[in-house]
Amino acid sequence: MLGRLAAVFVLATMAGTAGLEGSTRYDPRLRFRTISTSRFHIHYHQGEEAEARRLAVIAERVAARLDTTLGPPSGRVHVVLVDQTDLSNGWATPVPLNLIEITAAAPDPASSIGNTDDWLEMVFAHEYTHVVHLSRSAGWIGGLRKAFGRMPLLFPNLYLPLWQIEGLATFQESAVTRQGRVPAGDFRAILDTAAARSRVDPIDRANGGLVDWPSGNAAYLYGAYFHEYLAGRFGAESLSRLTDETARRLPYLGAPAFKRVFGESLGNLWDGFAAHAAREADVPESAPIRLTRHGFIVTAPRFGPDGRLFYSVVNPHGFPALLAQHPGAGEPVRIANRYLGDGIGFAGRHVIFDQAEIVNQVGLQSDLYAVDADGGPIRRLTREARAADPDVSPDGVTIVCTLQRHDRRDLATFRWMPEGGAAVPDTLVSEAGTHFSSPRWSPDGRWIAAERSRAGAPSEIVLVDPVTARVVRTLPAPGRGRSVTPAWTPDGALLFAADPDGRGFRIFSSDVEGLEIRRLAGTGPNAQFPTTSRDGGTLAFVGYTTEGHDLFSLELNTARWDRVSGLATAAPAPREEPVPDQEADRDRAYAAWRWLAPRFWSPTLESDVDELVIGAATGAADVLGRHYYAAEAGWTAERARPDWQVAYAYDRWWPALFGSIADDTDPHRGGLVRTVEINAGALLPVRRVRWSQSLLAAFHGSTDTVECATCAPPLDARIDRRALRAGWSLHAARGFGYSISLEEGWRATVSTELVREALGSDADSGSAVADFRGYLPAWPRHGVIAGRIAAATSWGDDRTRREFSAAGNGPQPGGYRFGFDAVGLLRGVDEDDVTGSHAAVLNLDYRLPLARIDRGAGTWPIFVRALHGALFADVGHAWSGRFVLDDVRFSTGAELSVDAVVGFVLPLTLTTGVAWRETTAGDRGLAAFGRIGRAF
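Since the structure is predicted, the reported quantities are computational estimates derived from the model, not experimental observations.

How each quantity is defined
Residues numbered from 1 in each chain as written. Predicted model: local features only at pLDDT ≥ 70, side-chain atom pairs only at ≥ 80, totals over all residues. Heavy atoms only, no water. Helix = DSSP H or I, 4+ residues; strand = E, 2+ residues; numbered from the N terminus. Rg over C-alpha atoms; globule rule 2.2 N^0.38 Å. Buried < 20%, exposed > 50% of the residue type's maximum accessible area, 1.4 Å probe, protein only. Contact = heavy atoms within 4.5 Å. Lys, Arg positive; Asp, Glu negative; His and termini not counted. Charge placed at Lys NZ, Arg CZ, Asp CG, Glu CD. Pairing = 2+ DSSP bridges. Polar contact = N/O pair within 3.5 Å; in protein donor to acceptor, adjacent residues only side chain to side chain. Axes fitted to C-alpha atoms, helices over the stretch in contact; angles between N-to-C directions. Patch = residues over 30% accessible without salt bridge, like charges linked within 9 Å, V, L, I, M, F, W, Y side chains within 5 Å. Areas by Shrake-Rupley, 256 points an atom, 1.4 Å probe, with all protein chains shown as cover. Salt bridge = Lys/Arg side-chain N within 4 Å of Asp/Glu carboxyl O. Nonpolar A, V, L, I, M, F, W, Y, C, P; charged D, E, K, R; others polar. Core = buried A, V, L, I, M, F, W, Y, C linked by side-chain atoms within 4.5 Å.

Draft legend 1. Inspection of the overall build of the chain at higher detail. In terms of helices and strands, the chain carries 11 helices and 49 strands. On C-alpha atoms alone, the chain measures out to a radius of gyration of 30 Å, which is about the 30 Å that the 2.2 N^0.38 rule sets for 936 residues. Seen through its C-alpha atoms, the chain measures out along the principal axes to roughly 100 × 60 × 55 Å. Evaluated residue by residue, the chain yields a buried proportion of 57% over its 936 residues. For the chain, restricting intrachain contacts to residue pairs at least 6 apart in sequence, the fraction spanning at least 24 positions comes to 58%. In the chain, 97 side chains carry a positive charge and 110 a negative one; their mean positions are 3 Å apart.

Draft legend 2. Seen up close, the pairing of strand S5 (residues 99-103). Counting buried positions along S5 yields five of five residues, so the element is predominantly enclosed. Along S5, one buried face is formed by Leu99, Glu101 and Thr103 and the opposite face, lined by Ile100 and Ile102, is buried too. As paired elements, strand S3 (residues 77-82) and S5 share five bridges and run parallel to each other. Residue pairing for S5: valine 82 is matched across the bridge by threonine 103. Pairing of strand S4 (residues 90-93) with S5 involves four bridges; the strand directions are antiparallel. In the strand pairing of S5, threonine 93 is matched with leucine 99. Counting the residues between successive antiparallel strands, the hairpin from S4 to S5 contains five residues.

Draft legend 3. Just the side chain of serine 137, in detail. With respect to the element layout, serine 137 can be found in the loop between helix H3 (119-134) and helix H4 (139-148). Within the structure, the side chain of serine 137 is placed 2.6 Å from the side chain of arginine 145, a separation counted as a polar contact. When residues no more than four places from it in sequence are discounted, the contact partners of serine 137 are Gly142, Arg145, Leu154, Phe155, Pro156 and Ala247.

Draft legend 4. Spotlight on unusual backbone geometry. With an omega of 10°, the peptide bond running from tryptophan 213 to proline 214 counts as cis. Positionally, proline 214 belongs in the loop between helix H7 (203-206) and helix H8 (218-234). Between glycine 810 and proline 811 the backbone carries a cis peptide bond, its omega angle lying at 10°. On the secondary structure map, proline 811 appears in the loop between strand S43 (804-805) and strand S44 (835-836). For alanine 469, which is not a glycine, the phi torsion comes out positive at approximately 55°. Note on alanine 469: relative accessible area 29%, which makes it partly exposed. Of note, aspartate 854 is a non-glycine position whose phi angle comes to about 50°, a positive value. Along the polypeptide, aspartate 854 turns up in strand S45 (residues 838-856).

Draft legend 5. Inspection of the sheet that holds strand S13 (residues 363-372) at higher detail. The strand order across the open sheet built from four strands is S11-S12-S13-S14, with neighbouring strands paired in antiparallel fashion. Both outer strands of the open sheet, strand S11 (344-347) and strand S14 (378-380), are each paired with one neighbouring strand and no more. Neighbouring strand axes in the sheet, compared pairwise and without regard to direction, differ in orientation by 40° on average. Examined bridge by bridge, S11 and strand S12 (residues 350-359) share four bridges and lie antiparallel to one another. Pairing of alanine 347 across the sheet is with histidine 350, part of S12.

Draft legend 6. Region of interest: the sheet that holds strand S26 (residues 517-520). Strand order in the open sheet made by the five strands is S23-S24-S25-S26-S30, with antiparallel pairing throughout. Since the sheet does not close on itself, it has two edges, and those belong to strand S23 (483-488) and strand S30 (561-563), each with one partner. Mean inter-strand twist for the sheet, computed between neighbouring axes without regard to direction, equals 30°. Note: strand S24 (residues 494-498) against strand S25 (residues 506-510), five bridges, orientation antiparallel. Paired with leucine 495 across the bridge in S25 is serine 509.

Draft legend 7. Local environment of the environment of alanine 839. Within the element layout of this structure, alanine 839 appears in strand S45. Taking the C-alpha atoms as reference points, alanine 839 and glutamate 803, separated by 36 residues in sequence, lie 8.7 Å from one another. Ignoring sequence-local partners within four residues, the contact set of alanine 839 consists of Ala790, Ala791, Ala792, Phe804, Ser805, Ala806, Val823, His877, Ala878 and Trp879.

Draft legend 8. A look at a nonpolar patch on the surface. Residues Trp140, Leu250, Tyr252, Leu253, Trp860 and Ile862 make up a contiguous nonpolar surface patch of about 620 Å² in total accessible area. Mapped onto the secondary structure, isoleucine 862 falls in strand S46 (residues 862-879). Taking relative accessible area as the criterion, isoleucine 862 reaches 36% and is therefore assigned partly exposed.

Draft legend 9. View of the packing of H8 against helix H9 (residues 237-246). Contact pair H8 / H9: the axes reach a minimum separation of 8 Å and the direction vectors enclose 115°. Of the residues in H9, those touching H8 at His227, Leu230, Ala231 and Phe234 are Glu237, Ser238 and Leu239. Considering only residue class, the contact of H8 with H9 consists of four nonpolar, two polar and one charged.

Draft legend 10. A look at the nonpolar core. One finds Tyr222, Phe226, Phe258 and Phe273 to be the most contacted residues of the largest nonpolar core, which totals 43 residues. Listing elements by their share of this core, those giving two or more residues are helix H5 (162-177), helix H6 (185-196), H7, H8, H9, helix H10 (257-262) and helix H11 (266-280). It is H8 that provides the largest number of residues to this core, a total of 10 residues. Beyond its immediate chain neighbours, meaning those up to four positions away, tyrosine 222 contacts Leu191, Ala194, Arg199, Val200, Asp201, Ala206, Pro214, Trp270 and Phe273.

Draft legend 11. Summary view of the environment of threonine 705. Mapping threonine 705 onto the fold places it in strand S38 (residues 692-708). A relative accessible area of 21% places threonine 705 in the partly exposed class. For the pair threonine 705 and tyrosine 738, spaced 33 residues apart in the sequence, the C-alpha separation amounts to 50 Å. Beyond its immediate stretch of four places on either side in the chain, threonine 705 contacts Leu672, Val673, Arg674, Ala717 and Arg718.

Draft legend 12. Seen up close, the pairing of S13. Burial within S13 is extensive, with nine of its 10 residues counted as buried. One ladder, built from 10 bridges, connects S12 with S13; its direction is antiparallel. Counted as the bridge partner of valine 359 is glycine 363 from S13. Connecting S12 to the antiparallel partner S13 that follows it, the hairpin turn spans three residues, and asparagine 360 within it adopts a positive phi of roughly 55°. With three bridges joining them, S13 and S14 adopt antiparallel strand pairing.

Draft legend 13. Just the pattern of salt bridges, in detail. For the structure on display, the rule yields 58 salt bridges. For arginine 308, the salt bridge is made with aspartate 374, and the minimal N-O distance between the two is 3.1 Å. One end of the pair, arginine 308, is in the loop between strand S7 (297-303) and strand S8 (309-314); the other, aspartate 374, is in the loop between S13 and S14, and 66 residues separate them in sequence. We classify arginine 308 as buried; its relative accessible area is 9%. In this structure, arginine 827 and glutamate 895 form a salt bridge, with 3.1 Å as the shortest nitrogen-oxygen distance. Here arginine 827 is found in the loop between S43 and S44, whereas its partner glutamate 895 is found in strand S47 (residues 889-902), with 68 residues between them in sequence.

Okay, here's the thing in structure tokens:
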């Protein structure tokens, strides 16, 4: 759930990158409509009308409560409800307008955000808190807003540490709904376990950028419970005062507001919070055997027919994977790469599993796959079915799974075909507003146990009769908490996890009738996903340590089970029916033009070729991100004519369309050079989880006019270039959380430009650029051998023919490049020293990690992730006539780099290096250099 990241995205696309990145947000097949209330515009698409009207009621109710505690935002809020991804999420931004996006898919109750009986209410409370909090401006900054509008720099709360932004929203999601993460036992177990071992992270590790566990959860975890601590000690109203106080301070300088509001420094308050967490920590005794040491996220273990334990792991060391391990024997073996997904079933020698793939370039949706139990080719079983959580019937004939729908998650079945094509699951049970998860066949095939979530009640375990397609029984719950992840023992008893006391999940067992429920002792602070060995002697489950989640086991013949009393079957509360808003407009088709007026302008100040240029900029985007535009103009005292540029992108369909026009004048040898440039084109992206590619087609036109009366001889020249451009790019390289660069795979980009008199150019010419790079893992862990070969060539009339450099210190980020520096990378050599109509470079790096740091400095907006080095060898040459081997340049040396996060969200690599450069003719020397970014 994002705040500032969305703002960065909007501003970046308004600056003109939308057309170059192909950042389409929504499937073009979606047709949006808008309904309005007194506070909100709700934008939704076909199939979501009922949920959109329910969201309108929720939004008004939640806003009425939060507006009295935190205060209202300025202006109406736009809320986009979209159903194109199976990942439960949302984001919010106050610039350039108040905007919230909510994905319709509800989370699995076993997930870290699953403690809710109404997903829309919880996620809206979180995101609306962001809008209220981040849109605040007070004091003199608020006064400037009246002059400059919604200029991003005039939203001070956008620049707070992530724990402050996400922490307040996570605290409020629970304060409003009485659910969410703050009272969730599995979420609190992360804090309790750290506090009990005196390992509460210092404030700098929660600011933003942390890779170590709890990684991306750190801002939500520490921020939420720190705000709970402040509210408990100083009163909930103090949070509103803090919001106002930080809103009147300069960006990144909000920490002193704590002293003003609470009378104590932020550092002392954080120390008090850590001490309080240690006193309150309640970590149950634990006596299981630890089977794995992956940390981070481990899910869904299942014992296979051969006794191996299959499970999934997600951590910063590599691509998410499906692994198998013989309990107590040897290292786990990677069976297949697996992007997300929890379900595992077995059909003979095949493992049936779910994973997510990008669908229609924009949505992550789940489907089912099969792979041999020892690895090998992966076969897709369903296609765009949004199917997940598979299990196979005991006779190996039928697969049960879930299907994600607009307002529900159904149970479905289909026949297993070992050699067949894509299957179409048939719906077994479907109930409006009801979400099923984790279906599991009983050993005799008579029942399917599953999680069921309905409005007004915690998730529960139900039994479904696959013959009558009906829910026939609901198991009594051990309290009012969630009941999740059912599993069967070989003798037909049910195991499941539940969190009745709000202190983490425990493992429970039940007979099919639900007459006796017992709790397993000694499983530690949190235990989920129980599974038993085929002989019933060993129980394995996902447990928790300060390193994250891992697999643990207990021998059932020595385990202690405690009988549970006070059982109750949860009955759902009645769903609140939508109440028409008296001030609501009628339902109408979405109209982008209504939201395209500029909402801010920003003064600009730029030093351009020894000139001081003063100007202004503005831009806008509509709510759905179909249209983006940006405009800028600047003046200098030396001349009356302004420099200006305008950019526009239309990003609804594929391909995305973009265009820009610019007029820029600069001093040149005592005279002036004026460049008028126009670009227009289309970009067609094709995205998948493991790779992406794109095709570019564009027109480029430029006119350069040089006037210099004082030059000898005087200059008065004009050069016209009109060109067609085309390109293809493939990105199949990957990096991970702990990587120091891209770590495996390869990338390729090929582009060409044809300049033609028929288009208005002074002469005919052309050029082509090719760039190929590959990455191989090396010693030590996360070491990399990186190689690159790139070349550029031009032909035609010298008046319009391009010149290229083979030198320079980089960076070379890749992508479509047509200019002078399209390929050059010869470290330690100035880019102007090796130029010609043709250029070629060969780069080889050995990159190795030196230190993992993951620390910042208090609340300053700088966080250092890692220190790493590289040994490199570069070869480059540029020529215009005949290739001369003696003119080839060589460069070898070493680099030292720091990976950092600045501004709490922006990753940055700072590099310094030394190079020994020479040519075959004997020219040699030592040179130092610096760079922002990786070499390639």
